[in-house]
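Tertiary structure, described
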Amino acid sequence: MKSIKDIWKESWKHLRKGYSLNVLVCYIVGIVLFGGISYYTDVAKESETSKITSIAENSKLAENSKIADSAKVKNDAEAAGEKLDKTKNNFDIISDLIKLQDVIDVKVGSFDDSAEQKYSKGVFSVFVNETTKSGSIILGLLNGLNQLIFKNKIAESVTIFLMVILYALLWIFVGNVLIVGKCRYFLEERIYQKTKADRVLFVYKNSSTMNVSKIMFFRSVKTGLWILTIVGGFIKFYEYRMIPYILAENPNISSKEAFKLSKEMMMGKKWKTFLFDLTLVPAFFISAAAFNFISNFFINPFKDCAYAEIYSGLREERMATNVGTEYFIDNYIFENDSNAVSYPDELCPTKSLVSRNWLSTDWDRDYGGNTCILFFFFFSFIGWFWEVIFYLLNEGVFVNRGTLHGPWLPIYGVGGIIIIYFLRPLRKNPPLMFFGTVAACGIVEYTTSFLLEKIMHQKWWDYTGYFMNINGRVCLEGLLVFGIAGVGMTYILGPIVDNLLWKIPPKVRRFLCVVLLCVFVVDVVYSYLHPNVGFGITEGLV
């Protein structure tokens, strides 16, 4: 294994070489695994907490005469303020949100219609709390069911089962698979000058999705169980550390051989790897005081570069022993004898499935034809969906967050069109693409907010209190997210969506364009006469 100094040196070199895409890949996978990244100030949090506390107090005071006393109102109002802590992940937000919900505690065999109904907090709380506390979805499920069975909360059990199934599927078939895809990207990025960000989809392009999902699932379960022994958890965490990289090279390897190979590669190397991790601890503390900028723009991508370097060194040592080398099947990840600028897909030992060619991301393309209209509606719908889900997770209420009545937000559609079509000259330079997206989206968002306020005399969003906001119309946090999302749209999402749109027969595409445009015009006219306003839309903005 290379020295820690050499690992730092080589990792820093590779981080700089493809910096923009390195950050983008880490960010995308981070969103899927952890629910996103936040840059939030205490000032903003205090400002918005006070607004929501006031709202919660008013709402609960109205209910007070019926089912609650003043102490319950105060407690719920405080909980409403706490839930706005945007440094929490989605499970923390859901957990806090759930504490505000009232559900009937059904006592089997003792239900009396005339009796006073008792209320308790937490539709998802048992499952969420147990899962986040134990760090294991299996232990969380068992502990949650144990509590529910003895408390006879029949209604909650159904919700918990649905929740665990949904999260487990996302975790097994998306999150874990993208981890392996990210490892594949950073392994290729070490050797080749131009590695595409779509390498995170490497597993999906092969016929190995189920095998990778299974092995990564077993890895998580075994690690979780070993954590119960404390010391064993530490040892096994590092013993299994190379499994994602082994799968990135050989996604068809068996589960038994993957665990065995990782164990043998890390034998005698676990302590040194731990010491390398310790060298990153000061940077994490600094990042905590800098709104997570350092973690997102340096530590996370640097660590991925470093572990790709560590795997490369361990693999080289293993190859020298000529033991178990039959599982290292892809030498092109580690050798570039032809001086190719990107990995030669045609020589890959695990062939891509032809049926999944739509996952290719040829980003330097000309988006022509009527796909422009379909792109507009696609991004408008994605924006609307994001806003609705975000509000649902934070406030627990389904609200049509659009400026119109239909399931679309035109501002996202306009922003998407500008990025895809008008910023094409910047595509070959990802940093310029990022800053171009930030500037374009900032202008669009500020202008739209100004016009809506002047014409409709309403505010549909307000960033007052956010770090570096301009008149509450735009803020640094939002623009950074738009910038990274725009880069992701340019190099990954846009090409994939275009591939799918071109699978639609031309006549059907034209028909869809006509129908969508007609419905959209009707919605614009109707919304002008009858604006989409109300709580959560133009009132109680958060």
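Right above here is the structure, for reference.
Per chain, residue numbering runs from 1 following the sequence as it is written. Predicted model: local features are reported for residues with pLDDT of at least 70 only, side-chain atom pairs are reported and counted for 80 or more only, and whole-chain, interface and lining totals are derived from all residues. Think of the side-chain values as coming from all heavy atoms in the structure, minus any hydrogens and water.

**Structural notes on the packing of aromatic side chains**
Convention followed: Pairing of aromatic rings covers Phe, Tyr and Trp, the last counted by its six-membered ring, and requires centre-to-centre distances within 6.5 Å; plane angles under 30 degrees mean stacked, over 60 mean edge-to-face, and any other angle means tilted. Only runs of H or I of at least four residues qualify as helices and only runs of E of at least two qualify as strands under DSSP, and these elements are numbered from the N terminus. Partly exposed residues are those whose accessible area sits between 20% and 50% of the maximum for their type, while under 20% is buried and over 50% is exposed, using a 1.4 Å probe and protein chains only.
Counting across every chain of the model gives 29 aromatic pairs. Measuring from centroid to centroid gives 6.3 Å for Tyr 238 and Phe 274, while their planes differ by 85°, and the two rings are edge-to-face. In this pair, Tyr 238 sits in helix α11 (residues 231-239) while Phe 274 sits in helix α14 (residues 270-278), placing the two residues 36 residues apart along the sequence. Judged by its relative accessible area of 5%, Tyr 238 is buried.

**Overview of the environment of Tyr 327**
Note the cut-off: Whether two residues are in contact is decided by their heavy atoms, any of which lying within 4.5 Å being enough. For this analysis, a polar contact is any N or O atom pair within 3.5 Å, provided that within protein one partner can donate a hydrogen and the other can accept it, and provided that sequence-adjacent residues contribute only side-chain to side-chain pairs.
Following the sequence through the fold, Tyr 327 ends up in the loop between α16 (293-321) and α17 (371-395). Separated by 73 residues in sequence, Tyr 327 and Ser 254 place their C-alpha atoms 9.8 Å apart. For Tyr 327, the contacting residues outside a window of four places in its chain are Asn 250, Ile 253, Glu 257 and Leu 261. A polar side-chain atom of Tyr 327 sits 3.1 Å from a polar atom in the side chain of Glu 257.

**Digging into α16**
Rules: A helix is expected to reach a length of 1.5 Å times the quantity of its residues less one. The bend reported for a residue corresponds to the angle between axes fitted to the seven residues ending at that residue and the seven starting there.
With 29 residues, α16 ought to run about 42 Å at 1.5 Å a step, and its terminal C-alpha atoms sit 42 Å apart, in line with that. For α16, the principal kink sits at Ile 299 and spans about 30°; a proline, Pro 301, occurs within the next four residues. Two residues or fewer after α16 comes Asn 322, characterised by a positive phi angle close to 60°.

**Considerations on the nonpolar core**
Quick reminder of the rule: We call a set of buried residues a nonpolar core when its members are Ala, Val, Leu, Ile, Met, Phe, Trp, Tyr or Cys and they connect through side-chain atoms within 4.5 Å of each other.
Counting 100 residues, the largest nonpolar core has Leu 187, Met 242, Tyr 245, Leu 247, Phe 276, Ile 310 and Tyr 311 as its most contacted members. In terms of residues, this core owes the most to one element, helix α20 (residues 476-501), which gives 11 residues. Beyond its immediate sequence surroundings of up to four residues, Tyr 311 is in contact with Leu 187, Met 242, Tyr 245, Ile 246, Glu 249, Met 265, Phe 328 and Phe 334.

**Notes on the packing of helix α1 (residues 4-17) against α14**
Defined as follows: Fitting a line to C-alpha atoms yields each axis, with helices limited to the stretch in contact; the angle taken between N-to-C directions then spans 0 to 180 degrees. Oblique is the label for any angle not under 35 degrees, not over 145, and not in the 65 to 115 range, which are roughly parallel, roughly antiparallel and roughly perpendicular in turn. Handedness of a crossing follows from how the near helix is turned relative to the far one, being left-handed for an anticlockwise turn of less than a right angle and right-handed for a clockwise one. When residues are grouped by polarity, Ala, Val, Leu, Ile, Met, Phe, Trp, Tyr, Cys and Pro land in nonpolar, Asp, Glu, Lys and Arg in charged, and all others, Gly among them, in polar.
Taken N-terminus to C-terminus, the directions of α1 and α14 make an angle of 55°; their axes are 10 Å apart at the nearest point. Classed by the angle they form, the pair α1 and α14 counts as oblique. Like other packed secondary-structure pairs, α1 and α14 cross with a definite hand, here right-handed. In this structure, α1 contributes Ile 4, Ile 7 and Trp 8 to the contact, and α14 contributes Lys 272, Leu 275 and Phe 276. Class assignment for the residues of the contact of α1 with α14 results in 5 nonpolar, no polar and 1 charged.

From the geometry alone we can't say anything about function, so treat these as descriptive.
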